[in-house]
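Listed below are the residues making up each chain.
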Amino acid sequence: MINPFVFIALPMGMAFLIALIGHQYKKSPDFLANLTMGILFILSAICYGKSTIYYIGNWSPSIGIPLVLDGLSGLMLIIINFIGFMSAIFSIQYIEKFYTSKLRYYGLFLLTIAGLNGIVLSGDIFSIYVFLELASISSYALVGFGCGAEELEAAFKYLIMGTIASFFILLGIALLYGATGNLNLAAIANVVQSQGFSDPIKIAFIFLISGFFIKAASIPFHSWLPDAHSSAPSSISAILSGIVVKITGIYCIIRLVYNVFGATVLISHILLYIGLISIILAGIMAFMQTNIKRTFAYSTISQLGYVFFALGIGTPLAIFGAMFQLFNHAIFKPLLFLNSGSVDYQTGEKVINKMGKLNEKMPVTSTSTLIGSLSISGIPPFNGFWSKLIIIIAAVQANLIGPAIWAIIGSILTLSYYSKVLKCCFFGKGAQFNEEKWKSFREVPGLMLIPVITLAFMCIIGGIFIIHGYNGFFGRPVKDIINGPLWYIQSVFGSYK
Amino acid sequence: MIYALAITVFMVGLYAVCCKKNIIKIIQGVIIMEYALNFFIILLGYRKGGIAPIINKITDMHTFAAQSVDPLPQAIVFISILIGLGLLALMVALAIRLYERYGTFDITEMKKLKG
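(A) Quick look at the overall build of chain B. When its secondary structure is counted, chain B shows 4 helices and 0 strands. Each helix and strand of chain B, placed in order from N terminus to C terminus, yields the pattern α-α-α-α. Here the C-alpha atoms of chain B give a radius of gyration of 20 Å, more than 25% beyond the 13 Å that 2.2 N^0.38 yields for 115 residues. Dimensions of chain B along its principal axes, counting C-alpha atoms only, are 65 × 30 × 20 Å. Here chain B has roughly 7,200 Å² of accessible surface; of this, 67% comes from carbon and sulfur atoms. Mean positive and mean negative side-chain charge positions of chain B (11 and 6 charges, respectively) differ by 7 Å.

(B) Up close: the pattern of salt bridges. In the structure shown here, the tally under the stated rule is 9 salt bridges over all chains. In this structure, the salt-bridge partner of Asp-227 of chain A is Lys-157 of chain A, at a minimum N-O distance of 2.5 Å. Note that Asp-227 of chain A is positioned in helix H9 (residues 224–231) and Lys-157 of chain A in helix H6 (residues 149–180), a separation of 70 residues in sequence. One salt bridge in this structure joins Arg-101 of chain B and Glu-100 of chain B, with 3.9 Å as the shortest N-O distance.

(C) Molecular detail of the side chain of Ser-68 of chain B. Residues and elements named next belong to chain B. For Ser-68, the location among the structural elements is in the loop between helix H3 (61–67) and helix H4 (71–102). Overall, the relative accessible area of 11% leaves Ser-68 in the buried class. Residues contacting Ser-68, with those up to four places away along its chain left out, are Arg-47, Ile-51, Ala-52, Pro-53 and Thr-63.

(D) Summary view of the interface of chain A and chain B. Taken together, the 33 residues of chain A in the interface contact 35 residues of chain B. Overall, the association of chain A and chain B removes approximately 3,200 Å² of surface from exposure, summing both partners, and the carbon and sulfur fraction of that is 83%. Per-residue buried area on chain A facing chain B is highest for Glu-153, Phe-156 and Phe-167 of chain A; these three make up 21% of the total on that side. There are 0 salt bridges connecting chain A and chain B. The interface formed by chain A and chain B includes 4 residue pairs in polar contact (both at pLDDT 80 or more). Elements with a contribution of two residues or more to the side of chain A that touches chain B: helix H5 (125–143), H6, H9 and helix H12 (292–313) of chain A. Residue contributions to the side of chain A that touches chain B peak at 19 residues, all from H6 of chain A. Looking at the side of chain A that touches chain B, its residues break down into 24 nonpolar, 4 polar and 5 charged.

(E) View of unusual backbone geometry. Residues and elements named next belong to chain A. Of the consecutive residues Pro-380 and Pro-381, the connecting peptide bond is found in the cis state with omega at 5°. Backbone geometry places Asn-58, a non-glycine residue, at a positive phi of 55°. For Asn-58, a relative accessible area of 53% translates into the label exposed. We note that Asn-399 has phi near 65°; this positive angle belongs to a residue other than glycine. Within the element layout of this structure, Asn-399 appears in the loop between helix H16 (383–397) and helix H17 (401–427). What makes Asn-399 exposed here is its relative accessible area of 65%.

(F) Spatial organisation of a nonpolar patch on the surface. Residue and element names in this part refer to chain B. Side chains of Ile-2, Tyr-3, Leu-5, Val-9, Val-12, Ile-32 and Phe-39 sit close together on the surface and give an oily, nonpolar patch of about 550 Å² of accessible area. Elements that contribute at least two residues to the nonpolar patch include exactly helix H1 (2–19) and helix H2 (23–44). Mapped onto the elements of the fold, Leu-5 is located in helix H1.

(G) Seen up close, the packing of H12 of chain A against H16 of chain A. Residues and elements named next belong to chain A. Taken N-terminus to C-terminus, the directions of H12 and H16 make an angle of 35°; their axes are 10 Å apart at the nearest point. Considering the relative orientation of H12 and H16, their crossing is left-handed. Across from Gln-303, Tyr-306, Phe-309, Ala-310 and Ile-313 in H12, the residues of H16 making contact are Lys-388, Ile-391, Ala-394 and Ala-395. Of the residues contributing to the contact of H12 with H16, the split by class is 7 nonpolar, 1 polar and 1 charged.

(H) Expanded view of the confidence of the model for chain A. Taken as a whole, chain A shows an average pLDDT of 90; of its residues, 100% reach a score of 70 or greater. Averaged pLDDT values over the elements of chain A bottom out at 80 in helix H18 (residues 435–438) of chain A and peak at 94 in H5 of chain A.

(I) Examining the pairing of strand S2 (residues 66–69) of chain A more closely. Residue and element names in this part refer to chain A. Burial along S2 is two-sided: Pro-66 and Val-68 facing one way and Leu-67 and Leu-69 facing the other are all buried. One ladder, built from 4 bridges, connects strand S1 (residues 52–55) with S2; its direction is antiparallel. Within S2, the residue paired with Ile-53 across the bridge is Val-68.

(J) Representation of the environment of Ser-375 of chain A within the structure. Summarising the element assignment, Ser-375 of chain A is placed in helix H15 (residues 363–376). On a C-alpha basis, the gap between Ser-375 of chain A and Lys-333 of chain A in space is 9.9 Å, while along the polypeptide they are 42 residues apart.

(K) Broad picture of the state of the cysteines. One pass over the full model with this rule turns up 0 disulfides over all chains. Note on Cys-252 of chain A: no disulfide assigned, nearest cysteine sulfur contributed by Cys-47 of chain A at a separation of 20 Å. Lacking any disulfide linkage, Cys-18 of chain B is separated from the closest cysteine sulfur, that of Cys-19 of chain B, by 5.7 Å. For Cys-18 of chain B, a relative accessible area of 55% gives the class exposed.

(L) Structural detail: the packing of aromatic side chains. Applying the stated criterion to the full structure yields 35 aromatic pairs over all chains. Summarising the aromatic geometry, the rings of Tyr-94 of chain A and Phe-98 of chain A are spaced 5.3 Å apart at their centres and angled 55° between planes, so their arrangement reads as tilted. Of the two residues, Tyr-94 of chain A and Phe-98 of chain A are both situated in helix H3 (residues 71–98); the distance of 4 residues between them amounts to about one turn of the helix. On the basis of relative accessible area, Phe-98 of chain A is assigned to the partly exposed category, the value being 35%. A centroid spacing of 6.2 Å and a plane angle of 40° characterise the contact between Phe-168 of chain A and Phe-10 of chain B, whose relative ring orientation is tilted. Of this pair, Phe-168 of chain A sits in helix H6 while Phe-10 of chain B sits in helix H1, on two different chains. The class of Phe-168 of chain A is buried, set by a relative accessible area of 15%. In this structure an aromatic cluster arises from ring pairing among Tyr-48, Phe-320, Phe-324, Phe-327, Phe-473 and Phe-474 of chain A. Taking NZ or CZ as reference, Lys-97 of chain A lies 4.6 Å from the ring centre of Tyr-345 of chain A, over its face. Positioned above the aromatic ring of Trp-438 of chain A, the side-chain terminus of Lys-361 of chain A is 5.0 Å from the ring centre.

Rules used in this analysis
Residues numbered from 1 in each chain as written. Chains lettered and ligands numbered in written order. Predicted model: local features only at pLDDT ≥ 70, side-chain atom pairs only at ≥ 80, totals over all residues. Heavy atoms only, no water. Helix = DSSP H or I, 4+ residues; strand = E, 2+ residues; numbered from the N terminus. Rg over C-alpha atoms; globule rule 2.2 N^0.38 Å. Areas by Shrake-Rupley, 256 points an atom, 1.4 Å probe, with all protein chains shown as cover. Lys, Arg positive; Asp, Glu negative; His and termini not counted. Charge placed at Lys NZ, Arg CZ, Asp CG, Glu CD. Salt bridge = Lys/Arg side-chain N within 4 Å of Asp/Glu carboxyl O. Buried < 20%, exposed > 50% of the residue type's maximum accessible area, 1.4 Å probe, protein only. Contact = heavy atoms within 4.5 Å. Buried area = accessible area lost by both parts, 1.4 Å probe. Polar contact = N/O pair within 3.5 Å; in protein donor to acceptor, adjacent residues only side chain to side chain. Nonpolar A, V, L, I, M, F, W, Y, C, P; charged D, E, K, R; others polar. Patch = residues over 30% accessible without salt bridge, like charges linked within 9 Å, V, L, I, M, F, W, Y side chains within 5 Å. Axes fitted to C-alpha atoms, helices over the stretch in contact; angles between N-to-C directions. Left-handed = near helix turned anticlockwise from the far one by under 90°. pLDDT = per-residue confidence, 0-100. Pairing = 2+ DSSP bridges. Disulfide = S-S within 2.5 Å. Phe/Tyr/Trp six-rings, centres within 6.5 Å; stacked < 30°, edge-to-face > 60°. Lys NZ or Arg CZ within 6 Å of the ring centre and 35° of its normal.

Spelled out as structure tokens, the structure:
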């Protein structure tokens, strides 16, 4: 069995190795970073569906730090390392054209991956905070990587919002430690389950959940996301939208709500309505954007609203839908962001109105954007349709007819703003289309097309994961979530010898 | 009561981050918040008349358990200070680059991003 510690140690060690030898050997950052991500992806695929707990230093779980690899962590590890791998392949030529220092780029990239892997594996709330800061600080630096005026402005905004969120989380952790006398998630769950929600634990929970909502950029807390995700290099936008928001925000909320505190009716309602507001309002805002990357960034808020919506419903079918939607969003949103990077690579444009007729010059890019857009808008038979269908069926089964109708309206809204992008950029032309410039465009190099084609293929066949239902691909994570705190306590404390 | 002081200082820092227009003052607000948090965490392990949590050969374990302060918050604060250092370095570096691009520290004049 693979030691889970590898997922943290390997990228972190490689980040420092690249920083050391990157100056002497110019090709080494590309090679080492892609090799690392490839190895991590294979390891995470091997680990999927297995569960193991590694006690660092063999301390007992109530004192030491356990690394818990269960079904939910396994799913998140696959998402992180797969999207990281795709984005690393794309970066090889994309970063060469626009940005200067590859060794700094790949160093920060691998540190972000190490932080994210650490968050999903850690079974100790303070280590979650430390890895959260590792991932966040590297991604602040990556957003401002280009050092242009807009990038720096976005990075500073992201940094301030992210820092406030981190401090809320740390304050929540401190209050939780004061109330329960423990930092281990399973031990905290034990205290909460035996003593109930006392007042200090309630306050700590409010601070924690508001911090994680800022990280997840749900609607009242969303203001940093469109700036940060649209200003970053496209390969970084792909991992920010595809994994960073999910892991630092949604994964932590799922773990705390379902495995530590237990989902009460009030918490479920908060998740449900925050999700619903995010779907509708972010959809309307996305429709009004003129920058292609800002449209995609607002769409991230809207689509992740479905995950919160489904988590708020809380039935096993809805949790299944939430996991499926989370996985699908991690496939098609990086695809769209990488395609916006390809368009930027060839045309140097991000404004929708100035582009047009790219389907004649860039057939692969425009076809894969079409597949991604249809998939995200929920058109059958692509993967996005099945996850939204499951979520809406679950809402109807739970007697939430009104919210289900709003979720369908949100899906139609998604289709409308993706049609706008497709018409202006790829299959029609915008108002300020420049014919002269258009003649010199051609398809991007082959190395940038490999991740795009892979992700588009995943969008087409993604629907097969629905087969076997609870016994299939998403069975383990869903079971781990609905089994609740008692199962988590048992699995962490039970296997220590 | 002293916990209320820590929370008050935290709120002062939050006010500075939310309401000030100068980037340097915002950074100072972040630092104030961080110090207030560290202070709060240290207070959690405080015990009146407590002894340092160090075990040596002559320590009696019963008096140690009854009198020593909690060492875990001290370790947490240590890590938290290190993270704060990295964050501060990044913030100041961004502030310097922003000043080079815009020629001002006033955030109300930095509005190239809309939305």
